[in-house]
2 protein chains.
Amino acid sequence: MRNVRILEFKDIIDTRNSERPMGHLTPIESGIDIPFDIKRVYYLTRVPENTTRGFHAHRKLQQVLICTNGKVTIDVSTPSEKKSFVLDDPAKGLYVGPMVWREMYDFSAGAVLTVLASEHYQEEEYIRDYEEYRRLAQEYFKEK
Amino acid sequence: MRNVRILEFKDIIDTRNSERPMGHLTPIESGIDIPFDIKRVYYLTRVPENTTRGFHAHRKLQQVLICTNGKVTIDVSTPSEKKSFVLDDPAKGLYVGPMVWREMYDFSAGAVLTVLASEHYQEEEYIRDYEEYRRLAQEYFKEK
């Protein structure tokens, strides 16, 4: 799907100081493991059952979405494509580029959705009206 | 304590689309909400009970440690000071600057320790031998 793909990160299980595993460390180097420099990090926590978040797209912003605990489902769509991802692995990230509509739901108890973003927060970057999104996205993907 | 402090982030409870809370969103702007640009993000997950991690300091690296789910205890020390922090609030970060020895333990089930770092990974940045650390840190803090 255009402007959407899964990124796989390192999953480092440290056993240096003992024979038993000491947990998992997932490193993400800005501009290396993801295709942009990190200007903003945010995370969603304590999202109640039966809540859907998202309902917007971004004009230029690139993001990587990672579920660092628990599980969440992400639907991404453009006017011509639609895909659904269950994120439940801290070593996998969902890259979402410009002009992709997203909805996030089925947050498990304790789910943490961490998002790395390519720009600082700008409200004018958001497209929150679906009809406006469809019009702009048709233009955008026609030119690509 | 020198080179250590708690940072408080925004805790945004979105109720725009409904009357009930839709969870918490914590935004962190690189270079604005924390005193450096984010070059690296990493997170510790699935750390077993009775595990202590850390046992090192950094020469120049600055980090912010955030517990985005669950709970973890962080001991930070220099040759002349020692402090212990229980992190259990996604809207609080522990800033740890250069030359601070750290140990992390009492990870709860499902705990996620997310770390934002000011530089890319460089093994030569780590000081892992405590005696060497003490010598270098005494020099460092004498000059400050």
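Check the entry above for the structure.
Notes on the structure in this doc start here.

Disulfides are covalent bonds that connect the sulfur atoms of two cysteines. Using the criterion set out here, one finds zero disulfides over all chains in the structure. In this model Cys67 of chain A remains outside any disulfide bridge; the closest cysteine sulfur is found in Cys67 of chain B, 15 Å from its own. Residue classification places Cys67 of chain B among the buried residues on the basis of a relative accessible area of 0%.

This paragraph deals with the sheet that holds strand β5 (residues 53-58) of chain A. Residues and elements named next belong to chain A. Here we have five strands laid out as an open sheet, ordered β8-β7-β10-β5-β12, and antiparallel in their pairing. This sheet does not close on itself; its edge strands, each paired only once, are β8 (82-87) and β12 (126-127). In the sheet, strand β7 (residues 72-77) pairs with β8 via six bridges, with the strands oriented antiparallel. Bridge assignment links Val72 to a residue of β8, and that residue is Leu87.

Moving on: the pairing of strand β3 (residues 24-29) of chain B. Across a regular strand the side chains alternate sides, sitting on one face of the sheet and then on the other. The element β3 of chain B is extensively covered by neighbouring structure, given that six of its six residues are classed as buried. Of the two faces of β3 of chain B, both are covered, the one formed by His24, Thr26 and Ile28 of chain B as well as the one formed by Leu25, Pro27 and Glu29 of chain B. Pairing of strand β4 (residues 40-45) of chain A with β3 of chain B involves six bridges; the strand directions are antiparallel. Each residue of the ladder has a partner; that of Leu44 of chain A, found in β3 of chain B, is Leu25 of chain B.

Cut-offs and rules
Residue numbers run consecutively from 1 along every chain, following the written order of its sequence. Chain letters and ligand numbers both follow the written order, the letters beginning at A and the numbers at 1. Reporting in this predicted model follows two pLDDT cut-offs: at least 70 for local features of residues, and 80 or more for side-chain atom pairs to be given and counted; totals over whole chains, interfaces and linings ignore these cut-offs and use all residues. Side-chain calculation: all heavy atoms of the structure are included, whereas hydrogens and water are not. Disulfides are defined as cysteine sulfur pairs within 2.5 Å. Throughout, exposure labels follow a simple rule: accessible area from a 1.4 Å probe, protein chains only, divided by the maximum for the residue type, with under 20% read as buried, over 50% as exposed, and the rest as partly exposed. By definition, two strands form a pair when at least two bridges between them are found by DSSP. For the purposes of this entry, the term helix denotes a DSSP run of H or I that reaches at least four residues, the term strand denotes a run of E that reaches at least two, and both are numbered from the N terminus.

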